[in-house]
Amino acid sequence: MKALHFGAGNIGRGFIGKLLSDSGIHVTFADVNDTVIDLLNQQQAYDVKIVSEQASKIEKVVPVDGINSKNSEQIIEKFNQVDLVTTAVGPNVLTIISSTLAKALEIRFAGGNQHYLNIIACENMVRGTSFLKQKVLEHLDPQYHTALEQYVGFVDSAVDRIVPPVVPNADNPLLVTVEEFSEWIVDQTQFKGEIPQIAGMELTDNLMAFVERKLFTLNTGHAVTAYLGKLKGYHLIREAIEDDAIKQQVRSVMQESGAVLIKRYAFEQEKHFAYIEKILKRFANPYLPDDVDRVGREPIRKLSPNDRLVKPLNGTLEYGLPNATLAKAVAAALCYRNESDPQAVELQAYIADNGVLQAIRHYTGLGESAVVDAIVANYQQLS
């Protein structure tokens, strides 16, 4: 089996690309970074450093190669040769690559290629592959829509692995560092043809339970650690979570969001709270020097109604559950300042011009309510 993977960054190489290669799948990376692509083609391999709380080890990923994703002719040619397409490019780039995917699919269908193809967007977003499919359909010639439904599976997934940026190693420039824990859960009902056997890829027929578990727990906790840590002057996630006051607030936030999951999906409370404790330990991993500004970046996206702060908060309102620390978490995000992050700059400018109450309405979609009053009160205290 052969796979084309869009995104040769740390997550692409350290997570998805490695799992594919470990299962005997030849991976071709597509990326705009010519330096990385050239190195992949020269070396046909790269190293992944896997770190746990106690130790680390290096594993080699081989064989691999690469193509520049701006080279549409090479992308189209590769599309006719692979059985699986994956992405780790970020939500915004899915829209950018969708037109290239549509053109490649048109040529694939026009050439009579009736082999099944499955596409999995491994992004930090809810139903990212379904989003990509809609973008592809906007560009795809309508005469091929039936073929797409028949031969191409757009498979939604939930991904979880912390892959922090590290200082490049001059002697080993493709080396990427990842945590030992990883989770890749896919919707088994969306595949076309035979489901590929990939070690580390878990199948489910109830993906949303796992999507929201990750969003409401890891993503929520990670963001809150960053925003509270930033307010206290910490630079690293590990430093922030080692602050007992922050740790307790992050735990409380994840327990409040977890109560929504327990109500919605009948999760066992004891098991879910154990999952929360495992995540707190992951944040404290001394071998993962993750920066609070990397985790806290793009606060406007993280404050949107379907993301990691407001969506679980809305869940507490839906089920009549406690939400005091979630309200404080939203307030902490509204306080986030980072001059190198355009969204943080925009957010602070909007608050300065319109006030925090209007900012809450504008960015979170929350209407007048007691929880909005609580967010405003927390904001005033934190700022």
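Named according to an unreviewed UniProt entry, the protein chain is Mannitol-1-phosphate 5-dehydrogenase originating from Pasteurella testudinis DSM 23072. Per UniProt, the protein chain has the following entry under Catalytic activity (unreviewed entry): "D-mannitol 1-phosphate + NAD(+) = beta-D-fructose 6-phosphate + NADH + H(+)". Taken from UniProt, the Sequence similarities (unreviewed entry) comment for the protein chain reads in full: "Belongs to the mannitol dehydrogenase family."

A. Structural detail: the pattern of salt bridges. Considering all chains together, one arrives at 23 salt bridges under this definition. Taking the shortest distance from any N to any O, the salt bridge between Glu 318 and Arg 264 comes out at 2.9 Å. With a gap of 54 residues between them, Glu 318 in helix H13 (residues 310-319) and Arg 264 in helix H9 (residues 244-265) connect regions that are remote in the sequence. Exposure remark for Glu 318: the relative accessible area of 52% places this residue in the exposed category.

B. Spotlight on the sheet that holds strand S10 (residues 176-179). Read across the open sheet, the 3 strands follow the order S4-S3-S10; overall the sheet is mixed. Each edge of the sheet is formed by a strand with only one pairing partner; in this case those strands are strand S4 (56-61) and S10. Each strand of the sheet is rotated relative to its neighbour by a mean of 30°, with strand direction disregarded. Relative to S10, strand S3 (residues 46-51) runs parallel, the two being bridged by 4 bridges. Note that in S10 the partner of Ile 50 across the bridge is Val 178.

C. Seen up close, the packing of aromatic side chains. Inspection of every chain in the model, using the stated rule, returns 6 aromatic pairs. Where Phe 29 meets Tyr 46, the ring centres are 5.9 Å apart and the plane angle is 70°; that geometry is what we call edge-to-face. Linking Phe 29 in strand S2 (residues 26-31) with Tyr 46 in strand S3, this pair joins segments that are 17 residues apart in sequence. A relative accessible area of 0% places Phe 29 in the buried class. The ring centre of Tyr 275 lies 4.2 Å from the NZ or CZ of Arg 213, which sits over that ring.

D. Just the domain arrangement of the protein chain, in detail. Assigned domains of the protein chain: these are domain 1 (2-204) and domain 2 (208-382). Facing 23 residues of domain 1, the contacting portion of domain 2 comprises 23 residues. Counting the surface lost from both domain 1 and domain 2, the interface buries some 2,000 Å², and carbon and sulfur atoms represent 60% of this. Per-residue buried area on domain 1 facing domain 2 is highest for Asn 124, Val 126 and Ile 162; these three make up 27% of the total on that side.

E. View of the pairing of strand S1 (residues 2-6). Taking burial as the measure, the 5 residues of S1 include 4 buried ones, the bulk of the element. Here 5 bridges tie S1 to S2, and the two strands are oriented parallel to one another. Among the inter-strand pairings, Leu 4 is bridged to a residue of S2, identified as Thr 28. Each parallel crossover has a hand, and for S1 linked through helix H1 (residues 10-22) to S2 it is right-handed. Relative to strand S6 (residues 84-87), S1 runs parallel, the two sharing 4 bridges. Pairing of Phe 6 across the sheet is with Thr 87, part of S6.

Thresholds applied
- Each chain has its residues counted from 1, running along the sequence as written.
- In keeping with the predicted nature of the model, local features appear solely for residues at pLDDT of at least 70, side-chain atom pairs appear and are counted solely at 80 or more, and the whole-chain, interface and lining totals rest on all residues.
- With hydrogens and water set aside, each side-chain value is computed from the structure's full complement of heavy atoms.
- UniProt positions are given in the numbering used here, feature names are shortened, and annotations may be inferred rather than shown by experiment.
- The term salt bridge refers to a pairing of a side-chain nitrogen on Lys or Arg with a carboxyl oxygen on Asp or Glu at a separation within 4 Å.
- Secondary structure elements are defined from DSSP: runs of H or I of at least 4 residues count as helices, runs of E of at least 2 residues count as strands, and each element is numbered from the N terminus.
- The classification of residues rests on relative accessible area computed with a 1.4 Å probe and restricted to protein chains. Under 20% of the type maximum is buried, over 50% is exposed, and intermediate values are partly exposed.
- Strands pair, by our definition, only if DSSP identifies at least two bridges between them.
- Axes here refer to lines fitted to C-alpha atoms; in helices the fit is confined to the stretch in contact. Angles between the N-to-C directions go from 0 to 180 degrees.
- Geometry of aromatic contacts follows a simple scheme: Phe, Tyr and Trp rings, the Trp one being its six-membered ring, pair when their centres are within 6.5 Å, and the pair is stacked under 30 degrees between planes, edge-to-face over 60, tilted otherwise.
- Two conditions define a charge located above a ring, namely a distance within 6 Å from the ring centre to NZ of Lys or CZ of Arg, and an angle within 35 degrees of the ring normal.
- Segmentation into domains, and thus their bounds, comes from an automatic or database assignment.
- Contacts are assigned to residue pairs with any non-hydrogen atoms lying within 4.5 Å of each other.
- Buried area counts how much accessible surface, traced with a 1.4 Å probe, disappears from two parts once they are put together, with both parts' losses summed.
- The definition of a right-handed crossover adopted here requires that, viewed with the strands pointing away, the path from the first strand over the helix to the second runs clockwise.

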